[in-house]
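Below, each chain spelled out in residue letters.
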Amino acid sequence: MKGQLVFEFIIAGLIFFMILLYTINYLNFNVSDYRSKFYQSRMQSKAVQVSEILMAGRSNLSLADESGFNKTKVSFFNSTYCGFSKYKKLAEDFYMYENLNYISVPNNIRIELTLPSSGETILDCGPANIPRTINATKAEIGRVGIYEGQAAKLSIIVW
């Protein structure tokens, strides 16, 4: 009887390894899916956070008062945060940095305030090269308000 294999033992071993392989594959697929959904949700909540800061009127970063967009606040924001050299300050003040293991990487943000009736852009902050690929994770939110008697649209894009 030495050196003989039991047929039931071989079948049980094969079934065990098939279940183990299936479980590892299932977990690998679902964890990456949950991770991408979590990242998209985090980007969306960051965009909502920034829009709430800009629209609330309670912060020195806000663009609006109770009645609508304030022209002096918009011009102050434009002079303080908009421009190529001032983008780092914009990312720092809105806490757009993501802390990884060894470095701190900023998430990108773009803020636009436009008048839809005339197509005029009043405020234009952040990089203009928004990724257009399918796999790019980005979140966009739009808010509407009154700017000097006209309807204005505030767009915030985070990626």
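The structure displayed is predicted, hence computed values, not measured ones. (Residues numbered from 1 in each chain as written. Predicted model: local features only at pLDDT ≥ 70, side-chain atom pairs only at ≥ 80, totals over all residues. Heavy atoms only, no water.)

## Brief notes about the packing of aromatic side chains
The geometry of an aromatic ring pair is captured by the separation of the ring centres together with the interplanar angle, meaning the angle of the planes. The criterion, for reference: Any two of the Phe, Tyr and Trp rings considered here, Trp counted by its six-membered ring, make a pair once their centres fall within 6.5 Å; the pair's planes then place it as stacked at under 30 degrees, edge-to-face at over 60, or tilted in between. With a 1.4 Å probe rolled over the protein chains alone, any residue whose accessible area is under 20% of its type maximum counts as buried; one over 50% counts as exposed, and the rest are partly exposed.
According to the stated counting rule, one finds 4 aromatic pairs in the structure shown. Summarising the aromatic geometry, the rings of F16 and F17 are spaced 5.3 Å apart at their centres and angled 70° between planes, so their arrangement reads as edge-to-face. The class for F16 is partly exposed, based on a relative accessible area of 49%. On the accessibility criterion, F17 (54% relative accessible area) is exposed. Counting every residue linked through ring pairs, the aromatic cluster contains F77, Y81 and F94.

## Some words on the state of the cysteines
Going by this rule: Defined by distance alone, a disulfide is two cysteine sulfur atoms within 2.5 Å. Each helix corresponds to a stretch of at least 4 residues labelled H or I by DSSP, and each strand to a stretch of at least 2 residues labelled E; elements are numbered beginning at the N terminus.
Here the structure, examined in full by the defined rule, presents 1 disulfide. At a sulfur-sulfur separation of 1.5 Å, the disulfide partner of C82 is C125. Of this pair, C82 sits in the loop between helix 2 (71-81) and helix 3 (87-93) while C125 sits in strand 4 (residues 120-125), and the two are 43 residues apart along the sequence. Its relative accessible area of 10% is what places C82 among the buried residues. For C125, a relative accessible area of 0% gives the class buried.

## Considerations on the pattern of salt bridges
This is how the line gets drawn: Salt bridge, as used here, is a side-chain nitrogen of Lys or Arg placed within 4 Å of a carboxyl oxygen of Asp or Glu.
With the rule as written, the count across this model stands at 7 salt bridges. Notably, a salt bridge pairs E52 with R143, separated by 3.6 Å at the nearest N-O pair. In this pair, E52 is assigned in helix 1 (residues 7-56) and R143 in strand 5 (residues 139-147), connecting sequence segments 91 residues apart. Judged by its relative accessible area of 24%, R143 is partly exposed. With a closest N to O distance of 3.4 Å, D93 and K89 form a salt bridge. Here D93 pairs with K89, and both are found in helix 3, just 4 residues apart, close to one helical turn. Among the charged side chains, a salt-bridge network with shared partners connects R110, E112 and D124.

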